[in-house]
Amino acid sequence: MSVLIAALVVIPVAMLAASILTPRSDVWSQQWATRLPGEIVDTALLLAGVGVCSTLLGTGLAWLVSAYRFPGVRVFGWMLILPLAMPSYILGFLTLATLGPTGPVQDQWRSWFGTDAWFPDIESIWGATIAFTLVLYPYTYLLARAALRDQAGGAYFAARILGAGPTEAARRVVLPLVRPAIAAGAAVVMMETLTDFATVQYFGVDTVSVGVFRIWRGTYDRDAAAEIATVVLAFALVAIAIERIARGRARFGQSGGEGAGLERRVLTGWRAVAASVACGAVVVAAFAGPVLQLVVWAVREQTSDRGTPLVDSFPEYLSNSVQLMVITVVVCLVAAVVVANAQRFGSRRLTGVAARAAAIGYAVPGPVVGMGVILAVVGADELLEAIGLDLPGAVATGSLVVLVYAYVVRFLAPGLGAVESGLGQVSEEMTASARSLGASSIGTIRRVHLPLSKASLLSAAILVGVDALKELPIVLLLRPFGFETLPVWVYNLASESRYEQAALPALSIILVALIPVALLSRRLERPG
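How each quantity is defined
Residues numbered from 1 in each chain as written. Predicted model: local features only at pLDDT ≥ 70, side-chain atom pairs only at ≥ 80, totals over all residues. Heavy atoms only, no water. UniProt positions renumbered as here; feature names shortened; annotations may be inferred. Helix = DSSP H or I, 4+ residues; strand = E, 2+ residues; numbered from the N terminus. Rg over C-alpha atoms; globule rule 2.2 N^0.38 Å. Buried < 20%, exposed > 50% of the residue type's maximum accessible area, 1.4 Å probe, protein only. Contact = heavy atoms within 4.5 Å. Areas by Shrake-Rupley, 256 points an atom, 1.4 Å probe, with all protein chains shown as cover. Lys, Arg positive; Asp, Glu negative; His and termini not counted. Charge placed at Lys NZ, Arg CZ, Asp CG, Glu CD. Core = buried A, V, L, I, M, F, W, Y, C linked by side-chain atoms within 4.5 Å. Domains from an automatic or database assignment. 1 Å grid on protein atoms, 1.4 Å probe; cavity = no way out; pocket = protein on both sides within 12 Å on 5 of 7 lines; lining within 4 Å. Points joined across faces, edges and corners; volume = space filled by probe spheres on them. Axes fitted to C-alpha atoms, helices over the stretch in contact; angles between N-to-C directions. Parallel < 35°, antiparallel > 145°, perpendicular 65-115°, else oblique. Nonpolar A, V, L, I, M, F, W, Y, C, P; charged D, E, K, R; others polar.

An unreviewed UniProt entry annotates the protein as Iron(III) transport system permease protein originating from Ilumatobacter fluminis. Quoted verbatim from the Sequence similarities (unreviewed entry) field of the UniProt record, the comment on the protein reads "Belongs to the binding-protein-dependent transport system permease family."

Which residues make up the overall build of the protein, and what values do they have?
Per the secondary structure count, the protein includes 22 helices and 2 strands. Taken over C-alpha atoms, the radius of gyration comes to 24 Å for the protein, in line with the 24 Å a tight globule of 528 residues would show. Overall, the C-alpha framework of the protein stretches about 80 × 70 × 50 Å when taken along its three principal axes. Counting all 528 residues of the protein, 52% fall into the buried class. Within the protein, residue pairs in contact and separated by at least 24 positions form 83% of the contacts whose partners lie at least 6 positions apart. On the protein, roughly 24200 Å² of surface is accessible, and the fraction owed to carbon and sulfur atoms is 65%. One way to put it: in the protein the 38 positive side-chain charges average out to a point 15 Å from where the 35 negative ones average out.

Lay out unusual backbone geometry with the relevant residues and their values.
Despite not being glycine, Ser497 shows a phi value in the positive range, around 60 degrees. Within the secondary structure, Ser497 is located in the loop between helix H21 (486-495) and helix H22 (503-525). Judged by relative accessible area, which is 49%, Ser497 ranks as partly exposed.

Break down the nonpolar core for me, citing the residues and quoting the values.
Membership of the largest hydrophobic core comes to 165 residues, with the highest contact counts inside it found for Phe70, Leu80, Ile90, Phe93, Tyr141, Leu294 and Met371. By residue number, the principal contributor to this core is helix H7 (residues 125-161), which donates 14 residues. Here this core spans two domains, since at least three of its residues come from each of domain 1 (1-33 + 303-527) and domain 2 (39-68 + 84-104 + 119-264). Each residue touching Met371, except ones within four places of it in the same chain, is listed here: Leu16, Val212, Trp216, Arg222, Ala225, Ala226, Ala229 and Leu477.

How would you summarise the environment of Val3 if you had to cite specific residues and measurements?
Checked against the element boundaries, Val3 lands in helix H1 (residues 2-19). You can call Val3 partly exposed: its relative accessible area is 40%. C-alpha separation for the pair Val3 and Ala354, spaced 351 residues apart in sequence, amounts to 5.3 Å. Once you skip the residues sitting within four places of it in the chain, Val3 turns out to touch Leu350 and Ala354.

Explain the environment of Tyr202 to me, using residue names and the numbers behind them.
Assignment of secondary structure puts Tyr202 in helix H9 (residues 199-202). Sequence separation between Tyr202 and Met191 is 11 residues; the distance between their C-alpha atoms is 19 Å. Dropping the residues within four chain positions of it, Tyr202 is found in contact with Tyr89, Gly92, Phe93, Leu96, Glu123, Val490, Tyr491, Ala494 and Ser495.

Now, about the side chain of Thr207: what can you tell me, with residues and values included?
Residue placement: Thr207 occurs in the loop between H9 and helix H10 (208-219). Excluding its chain neighbours within four sequence positions, the residues that come into contact with Thr207 are Glu39, Thr43, Leu46, Asp196 and Val200.

Describe empty space enclosed by the protein, and please don't skip the residues or the numbers.
The full count for this structure, using the stated rule, is 4 cavities of 30 Å³ or more. Estimated volume of the largest cavity: approximately 380 Å³. Pro87, Ser88, Glu192, Thr195 and Lys470 are, among the 21 residues lining the largest cavity, the residues nearest its centre. Secondary-structure elements contributing two or more residues to the lining of the largest cavity are helix H5 (88-99), H7, helix H8 (166-195), helix H16 (400-423) and helix H19 (454-470). Per element, the largest residue contribution to the lining of the largest cavity is 4 residues, and it comes from H7.

Before we move on, could you go through the packing of H5 against helix H12 (residues 269-303) and cite the residues and values that matter?
It is the contact of H5 with H12, at a shortest axis distance of 11 Å, that shows an interaxial angle of 75 degrees. Judged on the interaxial angle alone, H12 and H5 are roughly perpendicular. On H12, the residues touching Ile90, Leu91, Phe93, Leu94 and Ala97 of H5 are Ala285, Ala286, Pro290, Gln293, Leu294 and Trp297. Looking at the contact of H5 with H12, its residues break down into 10 nonpolar, 1 polar and no charged.

This is the structure:
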């Protein structure tokens, strides 16, 4: 069964990759003569900019809160991960509404310096870079901070004992130790940037992912969209290669529990003030300020005569989002339990490969998963039709089942990781004892493994559920006609520059996304 689940995850990606083996020359000629070169350049520049800026910001903040004591450092330690609850497409339209040509900042700027006064062009690739950096730096921050806490403390202390200064010890000892974590964080950041095609459209940046969406929604030419999606897949492979090169021969390690961390130096005077201001500025810019702005807009819109369009449909959109989230969570949890437990009862080599293959979807951008699922479902439809078992209706784009399938391909990995972590707490001897007492495989899972992994199952459900609730690219590509969710509602309103009216659904998404972030904060701050 675990092999079948892995195959269902791999097939869409494999079919999309295989589509490039028989390319349509007219598609590539037309795209190359028009948009594709510019899309490739914009994608490369955006990935490089967001990757570098997020790495510098996330690593710098992790070092600051791990190596120094200053006013508010404990609070900033968990507040700096709050932007994880902020989808990039929400911060994107908030940035434009505030700093864009019609926003209050530029209005005030023109009143001070005249209507022709120069102001940075926000609707540009660097504006998108800033927005992505503010919501994605927590990935690098979390991984770098964990590495500093678990692995670098003892080595740094030993280097200092041997006479190295703080800077030399950090450069020659700490940095090489945390380099794998930083590289992994940067790779995740680039993957998240690559999968987006809503935020970049707000800023007028034409990436390859936008090109895929444009072809599919404009012409419904699945072969053309799938072939261009292979370019997105190529960028993903480049990001993974960069991570491997940056990591070098270093590997993640475990200290057998949480390490003592770095010995924190106390900052005083202007240095302490500067550290607090720096952390506070990031929290305000990336989370507190945008959320406050959304609250003000939501209250104003609901108390005014104008109100939010389609607010009467809010229960329906919320219901659709929750329905999609719950189904995805249930299917992912069942699949994750099967794949994870198969390693206890079957060939370790085969089930281990199946487990790794089942997680491949999370390393593939959403548009690639979407187009791959379309190819897989159409192929299945044609196969069934050939043997006389054709299904009625439009299979590829008109079914909630297909949408859930794509979600499971994309989000099975976080659930599988959490379930595997929980199963790791159940000893092999416990499993063997249950089997020796006559319990079947299913009975052992139901009566031993699942009860002992309840906390991990809950974590898996939360991780998958929040990802599914925030997901936008896949639902835009594959949603059934008339099927609206909260992210689609936000995207449509923001695309029409109705920013204030998008505040209510945007706040709803952020509120739900805060649940796993709060749990993560508690775990991060838990004493070792």
